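Structural description and commentary
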Amino acid sequence: MAATVRFHEYGGPEVLRLEDVEVGEPGPGELLIKVDAIGVNRAEVLFRGGHYIEPAKRFPARLGAEAAGVVEAVGAGVTQFVAGQVVSVVPAFSMNDYAVYAERAIVPASAVVHRPAEVDAVEGAAVWMPYVTAYGALVEVGGMQAGDTVVLTAASSSVGLAAIQVARRVGATPVATTRSRVKQEALLKAGAADVIVTDEEDVADRVLALTAGRGAEFVFDAVAGPGVVDLARAVAPGGTLFLYGAVSGRETPYPGFTLGMPALNMRTYTMHETTRDPQRLRRAEAFVSSGLRTGAFRPVIDRTFDLHDVAAAHRYMEAGTQVGKIVMTVGH
Ligand SMILES: NC(=O)c1ccc[n+]([C@@H]2O[C@H](COP(=O)([O-])OP(=O)(O)OC[C@H]3O[C@@H](n4cnc5c(N)ncnc54)[C@H](OP(=O)(O)O)[C@@H]3O)[C@@H](O)[C@H]2O)c1
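How each quantity is defined
- Residues numbered from 1 in each chain as written.
- Predicted model: local features only at pLDDT ≥ 70, side-chain atom pairs only at ≥ 80, totals over all residues.
- Heavy atoms only, no water.
- Helix = DSSP H or I, 4+ residues; strand = E, 2+ residues; numbered from the N terminus.
- Rg over C-alpha atoms; globule rule 2.2 N^0.38 Å.
- Contact = heavy atoms within 4.5 Å.
- Areas by Shrake-Rupley, 256 points an atom, 1.4 Å probe, with all protein chains shown as cover.
- Lys, Arg positive; Asp, Glu negative; His and termini not counted.
- Charge placed at Lys NZ, Arg CZ, Asp CG, Glu CD.
- Phe/Tyr/Trp six-rings, centres within 6.5 Å; stacked < 30°, edge-to-face > 60°.
- Buried < 20%, exposed > 50% of the residue type's maximum accessible area, 1.4 Å probe, protein only.
- Lys NZ or Arg CZ within 6 Å of the ring centre and 35° of its normal.
- Polar contact = N/O pair within 3.5 Å; in protein donor to acceptor, adjacent residues only side chain to side chain.
- Expected span 1.5 Å × (residues − 1).
- Core = buried A, V, L, I, M, F, W, Y, C linked by side-chain atoms within 4.5 Å.
- 1 Å grid on protein atoms, 1.4 Å probe; cavity = no way out; pocket = protein on both sides within 12 Å on 5 of 7 lines; lining within 4 Å.
- Points joined across faces, edges and corners; volume = space filled by probe spheres on them.
- Nonpolar A, V, L, I, M, F, W, Y, C, P; charged D, E, K, R; others polar.
- Domains from an automatic or database assignment.
- Near = heavy atom within 4 Å.
- Pairing = 2+ DSSP bridges.
- Axes fitted to C-alpha atoms, helices over the stretch in contact; angles between N-to-C directions.
- Parallel < 35°, antiparallel > 145°, perpendicular 65-115°, else oblique.
- Left-handed = near helix turned anticlockwise from the far one by under 90°.

**Structural notes on the overall build of the protein**
Within the protein, the regular secondary structure consists of 10 helices and 16 strands. Taken against the 2.2 N^0.38 rule, which gives 20 Å for 332 residues, the C-alpha radius of gyration of the protein at 20 Å falls within 12% of a compact globule. For the protein, long-range pairs separated by at least 24 residues make up 68% of all intrachain contacts whose partners lie at least 6 apart in sequence. Carbon and sulfur atoms provide 51% of the accessible area of the protein, an area that totals close to 13,700 Å². Of the charged side chains in the protein, 30 are positive and 37 negative, and the gap between their average positions amounts to 2 Å.

The following block contains the structure:
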């Protein structure tokens, strides 16, 4: 048995229960992991509330796609892992099939990566979702390179902060946005070349001024909603507006016609494009691991909670005051 977070109906953080659940043995292609730390992501908050892109197929439902821990048992056919190895679980599966908000969990081996020695459990649960999301869109799909400018909305999020470091790693210029001035200093310290405060400034005007009128080669947007019209104005001809999140919770228009049909690429992106493709995942793993080894990538941890305080961790994420990753730790 393992303490496992479940919810029996959609709702606020109060629907989350820590319940003893039979874990079982790993089947073919699976691993049993002793979980030491768990990355908390917006996807879980949305899934719990019934607002995620994929609904819960059954109740009680479970949560969690990102974790760090130790391999306890290996299923048939798994050759790349042995019991005792320290690993991270990368979001590469549906929470209807597997879930890691638990003391122990079974996961597909294809969603597990070796954890570099210099990365502890808390960092190991905070690295993969942010860095692979940023790398997959901007480098793998977008081909971002030295000299490019990338505008990062909600840049204080874990993905936004990782994207700042990914941009720096390839020699691109990261321009961060945040709603209020409160996080401005923290974003500059985190490596942003400039910070645009969206409650006070026009994003497109600032980006055009910063790029000598050219616009940014990439906009990496976690907010969506009506703001995309202004963001599209900030994109250089032929550049790409990636929509990877929708924290605004509002309808998102297509701005191409309003803006006179510019050469605008606008596409949605999820990290599953990278994590569910074995070759892309290997390239992402190499890129992220090398950044961790050289110190170019340092995950920013905002706050840790004990697994027993899972409802508080969700409330904290919903409050939106974090700068970086929220992680839950598991006492064994
Ligand atoms: N596509 C993918 O594969 C993928 C992977 C991971 C995450 N995501 C998405 O990426 C986004 C960021 O995720 P996260 O877990 O790193 O952080 P998060 O907690 O969802 O986002 C944090 C930041 O978003 C900003 N924000 C919150 N509410 C907002 C609103 N109504 N309007 C504008 N900005 C708002 C706040 O920054 P300021 O206060 O500084 O404005 C806040 O600090 C989420 O939408 C998540 O679903 C997508």
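And the narrative resumes.
**Topic: the packing of aromatic side chains**
Summed over the entire model, instances satisfying the criterion amount to 14 aromatic pairs. The interplanar angle of 85 degrees and the centroid separation of 6.3 Å between the aromatic rings of Phe 220 and Phe 242 together place this pair among those described as edge-to-face. Taken together, the positions of Phe 220 in strand 12 (residues 216-221) and Phe 242 in strand 13 (residues 235-243) put the pair 22 residues apart, joining distant regions of the chain. Both residues of the pair, Phe 220 and Phe 242, count as buried. Linked through ring pairs, Phe 7, Tyr 10, Phe 47, Tyr 52 and Phe 59 together constitute an aromatic cluster. Directly above the aromatic system of Phe 297 lies the positively charged group of Arg 169, at a separation of 5.7 Å from the ring centroid. For Arg 303, the ring lying beneath its charged end belongs to Tyr 316, and the centroid distance is 4.8 Å.

**As for the side chain of Thr 4**
Its location among the elements puts Thr 4 in strand 1 (residues 2-7). A polar side-chain atom of Thr 4 sits 2.9 Å from the main-chain carbonyl oxygen of Ala 2. If we ignore the near neighbours within four places in the chain, the residues touching Thr 4 are Arg 17, Leu 18, Glu 19, Val 21, Arg 62, Tyr 101 and Ala 102.

**Structural notes on helix 9 (residues 278-294)**
Because each turn of an α-helix spans 3.6 residues, side chains separated by three or four positions end up pointing in the same direction. In this model, helix 9 (17 residues) spans 24 Å end to end at C-alpha, consistent with the 24 Å of a helix rising 1.5 Å per residue. Within the sequence span of helix 9, burial applies to Leu 281, Ala 284, Glu 285, Phe 287, Val 288, Ser 289, Gly 291 and Leu 292. Next to the buried residues of helix 9 lie strand 8 (112-114), helix 3 (128-141), helix 4 (158-170) and helix 8 (272-275). For helix 9, the N-terminal cap is Asp 277; the gap from its side-chain oxygen to the backbone nitrogen of Gln 279 is 3.0 Å.

**Section: the nonpolar core**
Counting 46 residues, the largest nonpolar core has Leu 31, Ile 38, Val 100, Tyr 101 and Met 328 as the members making the most contacts within it. When contributions to this core are tallied by element, the ones reaching two or more residues are strand 1, strand 3 (30-40), helix 1 (42-49), strand 5 (67-74), strand 6 (86-89), strand 7 (104-108), helix 10 (310-319) and strand 16 (325-329). The leading source of residues in this core is strand 3, at 6 residues. Discounting residues that sit within four places of it in the chain, Ile 38 has contacts with Glu 66, Ala 67, Val 100, Tyr 101, Ala 102, Ala 125, Leu 307, Ile 326, Val 327, Met 328 and Val 330. Among the nonpolar cores identified, the runner-up in size contains 43 residues, and Met 144, Val 166, Phe 218 and Leu 281 belong to it.

**Here we look at empty space enclosed by the protein**
Scanning the model with the defined rule gives 2 cavities of 30 Å³ or more in all. A volume near 50 Å³ is recorded for the largest cavity. What lines the largest cavity is Ala 126, Pro 130, Tyr 131, Ser 158, Leu 161, Ala 162, Arg 298, Pro 299, Val 300 and Lys 325. Looking at which element gives the most residues to the lining of the largest cavity, the answer is helix 4, with 3 residues. For the lining of the largest cavity, a count of residues per class yields 7 nonpolar, 1 polar and 2 charged. Residue assignment places the lining of the largest cavity across two domains, with domain 1 (2-127 + 300-329) and domain 2 (129-272) each supplying three or more.

**What to know about the site of the ligand**
Around the ligand sit 24 residues, and of these Arg 42, Thr 178, Lys 183, Met 271 and Gln 322 come closest. Computed on the free molecule, the ligand has an accessible area of 910 Å², of which 87% lies beneath the protein chains in the complex. Among the elements of the structure, helix 3 and helix 4 are those that each provide at least two residues to the shell around the ligand. Lining the shell around the ligand are residues from two domains, each supplying at least three of them: domain 1 (2-127 + 300-329) and domain 2 (129-272).

**Here's the deal with the sheet that holds strand 13**
Read from one edge to the other, the open sheet built from 6 strands follows the order 11-10-9-12-13-14, with strand pairing classed as parallel. Each of the sheet's edge strands pairs with one partner strand only, and the pair in question is strand 11 (194-197) and strand 14 (265-268). Ignoring which end each strand starts from, the neighbouring axes of this sheet average 20 degrees apart. Its contacts with the sheet place helix 4 against strand 9 (149-152), strand 10 (173-178) and strand 12, and it is angled at close to 170 degrees to strand 9.

**Re the packing of helix 3 against helix 4**
Packed helix pairs are specified by the crossing angle of their axes together with the interaxial distance, meaning the distance between the axes. For the pair helix 3 and helix 4, interaxial distance at closest approach is 8 Å and the crossing angle is 50 degrees. Relative to helix 4, helix 3 is oriented oblique. Considering the relative orientation of helix 3 and helix 4, their crossing is right-handed. The segment helix 3 lies against helix 4, with Pro 130, Tyr 131, Thr 133, Ala 134, Tyr 135, Leu 138 and Val 139 engaging Ser 158, Val 159, Ala 162, Ala 163, Gln 165, Val 166 and Val 170. For the contact of helix 3 with helix 4, the per-class residue count stands at 11 nonpolar, 3 polar and no charged.

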